[in-house]
Amino acid sequence: MDNLLPVMVQRIILGLVMCCVCLPVAAQAQEESNASQVDITELSLETLVNLQVVTACRAKKALFKTASAGYVITSEDIRRSSATTIPDLLRTVPGVNVAQINANSWSVSVRGFGQRFSGKLLVLKDGMTIYTPTFSGVYWDIRDTMLEDVDRIEIIRGPGGAVWGANAVNGIINIITKNAADTQGGLVVAAGGTEEGISEVRYGGTVGDDLSYRIWGKGALRDASVHDDGSRGQDGWSSLRGGLRADMTPTDNDRVTVTADIFSGRVGQNTWIPSPYAPGSLYLDEYDAPYWGGNILTRLEHDFGRDVNLAVQVFFDAVELKRRFQGGVYGPDQTSTEGTYTLDFDSQIHFPIGSRHDVIAGIGYRSIWDKFTSEPYWSATMSPSHLQRSIYSAFVHDTITLWEDRLALILGCKLEHNDYTGFEVQPSARLLWTPSERHTLWAAVSRAVRTPSRAERDQLYLREPAMAITNVNLSPTAALIGAAGGVRTLLATGLASGAGAGGYSIPVIPVVQGSDDFVSEELVAIEMGYRMQPVDRFSLDIAGFVNFYDKLMVMEADNLVLGPGYALFGLKVSNGRKGTGYGVELSARWEATDWWRLDASYSYQHVDTWQRSAGRNLLPMGGTEDSPESTASLQSHMDLPSGIELDVTGRYTDELASLEVDSYLEMDARLAWSPYEALEIALIGRNLLHNHHEEFKDRIVYLGDSQIERSVLAKVTWRF
């Protein structure tokens, strides 16, 4: 991580240089610049609550009349937020739990089961999945993007498997970028502060009357977090990325979209791992993990008339990572590589049948192939090291009008076949009732599955020595003491066999083995919701759910092997648990005046899990204990005279008792001034109530106890 030590210096220099370039030029900008900023108070509340969304049923529908628990972060919300990453934007969304693990890793989950890789949440960008099939989750640092190009982020809470397929279990996040026609002209963003430096450049133009395009680039340097004792970690990160988007309308009935991104970066990491050279030793490894990749997506849409349209989409995505284990005093450095490549084809047709049926149907195919390499003493191996998998799918979704403009029944189902578990069936039934234009009630019953990841089937890895046997003279109730943030509780029943002599303590190294017996996790969810706009300036959205989980993943005790001064404790991935979850989510918006708007959200959730059958030795693998039961936020947006904007957000997060993470209250603030329409100067503060605080500990890979610091950022945005 030596090469990341001067990050702060580079970051400040980067910000200063960009500010020096932008400010004099921007000062000459004309007020009549073609800036695309939108004043939030100029949008009526009626317009906001009727935002069109596509994620709920893969076709444009008004959010207010959608039979799902939905939320939209608009481009104006993004501009007026204090966030510089996608996870931070999601912090105020009801039902979404965001916790920063360290400087480059987040736990983002919906309705519980928080982990670094939250497998029950599907994440899309422009309809392309960015959910890694290796670990069932998202590398949020790798998938960073230029926030100014994001048109909106649609969040659907609850199952979406009937239209999106496997892994859309507890929710879907769909990041939708702007049409190239909406990003014409130039844009320069320069930001520098105590924790990060960011520079962005974008230019959009046209070719003829039918083709719009934009090209963009972004560089970012992020500082490392601090440890409990105040020392600086090695988890800073840097990245460079760029891309293009072109939108073409060759005829009035045809639309073509092409997007392409490339990226590379370097992530620092602190990981406590067992040493392969000294079994039983806990070794703090500090290393760099460079990554690179890219993707290209093409989408064709054709309108046949009479409300019939066809969409065909193809994308290819590639990501490669390289990790280095510093052998240090134990021996030579070790490296491993991970490459994942995805080719996806998807098509859908939308058509009516008579006057009552609005049908969407489609088919899809996805090919995933990967490669993993590791040197002999690396603590994890994937077997086989190369694998190709295929997924075939088909879905149908029918909105049946029972009473025109008042009552509709929505039926849907998706069939998928994958190489691990064969056929999966994910049906859904929803009822939508709109007794008036200002009130909507809905209810739904759905089934969804999360299919096994590559690691859950084929990986073997050593975990940190997270426990010590205090008395090797084991009995069925032998005490195992959790340590170092890993396994907190372990049922010792059945481990007596093979135990050695008693009277001393030895470290235990967990050895986790994927299993061919591991199958899909299952969910049956019952949901209800109510949206209302009783007066023009106030809206309220309430959703409640009861979830029934089965075949949840756990680690099951397999065997115990005693060595000289240590023990290898075998753990096998299994479907040994089931559970229930329930909760309520609330969001409200109030335009107090023409220049002051308030947004509030509150969520409560609770998940209980238990063994599917007695007599098995299971470890918990996340649930309500890894997600806060209660979260709340209040946002205030003010438009003050002379082009000044003041945005303040307060947010509360409940404790994570099982991870020994305390509850916390934090505040973010943004003060912005626009001397010209084309220029915006902002001062942003995040986590202002504490010097630093802890938000999460990863159960799977122990990344150390990291503290998230208070930060201040100056930002200049110039449009021309």
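Residues numbered from 1 in each chain as written. Predicted model: local features only at pLDDT ≥ 70, side-chain atom pairs only at ≥ 80, totals over all residues. Heavy atoms only, no water.

- Per an unreviewed UniProt entry, the recorded name for the chain is TonB-dependent receptor, and the organism is Oceanidesulfovibrio marinus.
- In its Subcellular location (unreviewed entry) section, the UniProt record describing the chain reads: "Cell outer membrane". (UniProt positions renumbered as here; feature names shortened; annotations may be inferred.)

**Let's talk about the sheet that holds strand β6 (residues 121–125)**
- Here we have five strands laid out as an open sheet, ordered β3-β8-β9-β6-β7, and mixed in their pairing. The open sheet terminates on both sides in strands that have one partner only, identified here as β3 (69–74) and β7 (128–129).
- The pairing of strand β8 (residues 150–157) with strand β9 (residues 171–177) spans seven bridges and is antiparallel. Across the sheet, residue Ile 155 finds its bridge partner in β9, namely Ile 173. (Pairing = 2+ DSSP bridges. Helix = DSSP H or I, 4+ residues; strand = E, 2+ residues; numbered from the N terminus.)

**Concerning the side chain of Ser 603**
- Among the structural elements, Ser 603 can be located in strand β32 (residues 596–611).
- Within the local environment of Ser 603, its side chain forms a polar contact with the backbone nitrogen of Gly 95, the two atoms lying 2.6 Å apart.
- The contact partners of Ser 603, leaving out residues within four places of it in the chain, are Pro 94, Gly 95, Val 584, Glu 585, Glu 629, Ser 630 and Thr 631. (Polar contact = N/O pair within 3.5 Å; in protein donor to acceptor, adjacent residues only side chain to side chain. Contact = heavy atoms within 4.5 Å.)

**Regarding the pairing of strand β35 (residues 644–653)**
- Side-chain alternation along β35 places Glu 645, Asp 647, Thr 649, Arg 651 and Thr 653 on a buried face and Ile 644, Leu 646, Val 648, Gly 650 and Tyr 652 on a face that remains uncovered.
- Of the strand pairs in this sheet, strand β34 (residues 630–640) and β35 are connected by 10 bridges, and their pairing is antiparallel. Of the residues in β35, the one forming a bridge with Ala 632 is Tyr 652.
- Where β34 folds back on β35, the antiparallel hairpin that results is connected by three residues, among which Ser 642 adopts a positive phi of roughly 65°.
- Two elements, β35 and strand β36 (residues 664–676), share 10 bridges in a ladder whose sense is antiparallel. What sits directly across from Asp 647, in β36, is Arg 670. (Buried < 20%, exposed > 50% of the residue type's maximum accessible area, 1.4 Å probe, protein only.)

**Topic: empty space enclosed by the protein**
- According to the stated counting rule, one finds 11 cavities of 30 Å³ or more in the structure shown.
- Here the largest cavity is characterised by a volume of approximately 590 Å³.
- The wall of the largest cavity is formed by 40 residues, among which Ser 82, Ala 83, Thr 84, Asp 88 and Arg 686 lie closest to the centre.
- Put simply, the parts of the chain that give the lining of the largest cavity at least two residues each are β3, α4 (86–89), β32, β34, β35 and β39 (706–709).
- Ranked by residues supplied to the lining of the largest cavity, first place goes to β35 with four residues.
- Class assignment of the residues belonging to the lining of the largest cavity gives a composition of 10 nonpolar, 14 polar and 16 charged. (1 Å grid on protein atoms, 1.4 Å probe; cavity = no way out; pocket = protein on both sides within 12 Å on 5 of 7 lines; lining within 4 Å. Points joined across faces, edges and corners; volume = space filled by probe spheres on them. Nonpolar A, V, L, I, M, F, W, Y, C, P; charged D, E, K, R; others polar.)

**Regarding the sheet that holds strand β38 (residues 692–693)**
- Read across the sheet, three strands follow the order β13-β39-β38 without closing on themselves; strand pairing throughout is antiparallel. In the strand order of this sheet, the two ends are held by β13 (226–227) and β38, each with one partner.

**Things to note about the packing of aromatic side chains**
- Here the structure, examined in full by the defined rule, presents 10 aromatic pairs.
- Their ring planes at 50° and their centres at 6.4 Å tell us that Phe 263 and Tyr 291 sit as a pair that is tilted. Here Tyr 291 lies in strand β16 (residues 282–305) and Phe 263 lies in strand β15 (residues 254–274), a separation of 28 residues in the sequence.
- What makes Tyr 291 buried here is its relative accessible area of 1%.
- Of the aromatic side chains, those joined through ring pairs into one cluster are Phe 117, Phe 135 and Tyr 139.
- Geometry around Trp 164 places Arg 58 over its ring, the cationic atom sitting 4.7 Å from the centre. (Phe/Tyr/Trp six-rings, centres within 6.5 Å; stacked < 30°, edge-to-face > 60°. Lys NZ or Arg CZ within 6 Å of the ring centre and 35° of its normal.)

**Quick word on a nonpolar patch on the surface**
- Side chains of Ile 296, Val 314, Phe 316, Leu 343, Phe 345, Ile 363 and Trp 369 sit close together on the surface and give an oily, nonpolar patch of about 560 Å² of accessible area.
- Secondary-structure elements contributing two or more residues to the nonpolar patch are β17 (308–325), β18 (334–353) and β19 (357–374).
- Tracing the sequence through the fold places Val 314 in strand β17.
- Val 314 gets classed as partly exposed once you look at its relative accessible area, which sits at 35%. (Patch = residues over 30% accessible without salt bridge, like charges linked within 9 Å, V, L, I, M, F, W, Y side chains within 5 Å. Areas by Shrake-Rupley, 256 points an atom, 1.4 Å probe, with all protein chains shown as cover. Salt bridge = Lys/Arg side-chain N within 4 Å of Asp/Glu carboxyl O.)

**A few points about the nonpolar core**
- Counting 37 residues, the largest nonpolar core has Ile 73, Leu 90, Val 108, Ile 153, Ile 155 and Ile 173 as the members making the most contacts within it.
- Leaving out residues up to four positions away in the same chain, Ile 153 has contacts with Tyr 71, Val 72, Ile 73, Ile 86, Leu 89, Leu 90, Ile 173, Asn 174 and Ile 175.
- Counting 10 residues, the second largest nonpolar core, distinct from the first, contains Ala 380, Met 555, Ala 557 and Leu 571. (Core = buried A, V, L, I, M, F, W, Y, C linked by side-chain atoms within 4.5 Å.)

**Details of the environment of Phe 304**
- Relative to the helices and strands, Phe 304 resides in strand β16.
- A relative accessible area of 52% means that Phe 304 is categorised as exposed.
- A sequence separation of 50 residues divides Phe 304 from Asp 254, and the C-alpha atoms of the two residues are 9.3 Å apart.
- Setting aside anything within four residues of it in sequence, one finds Phe 304 in contact with Asn 309 and Leu 310.

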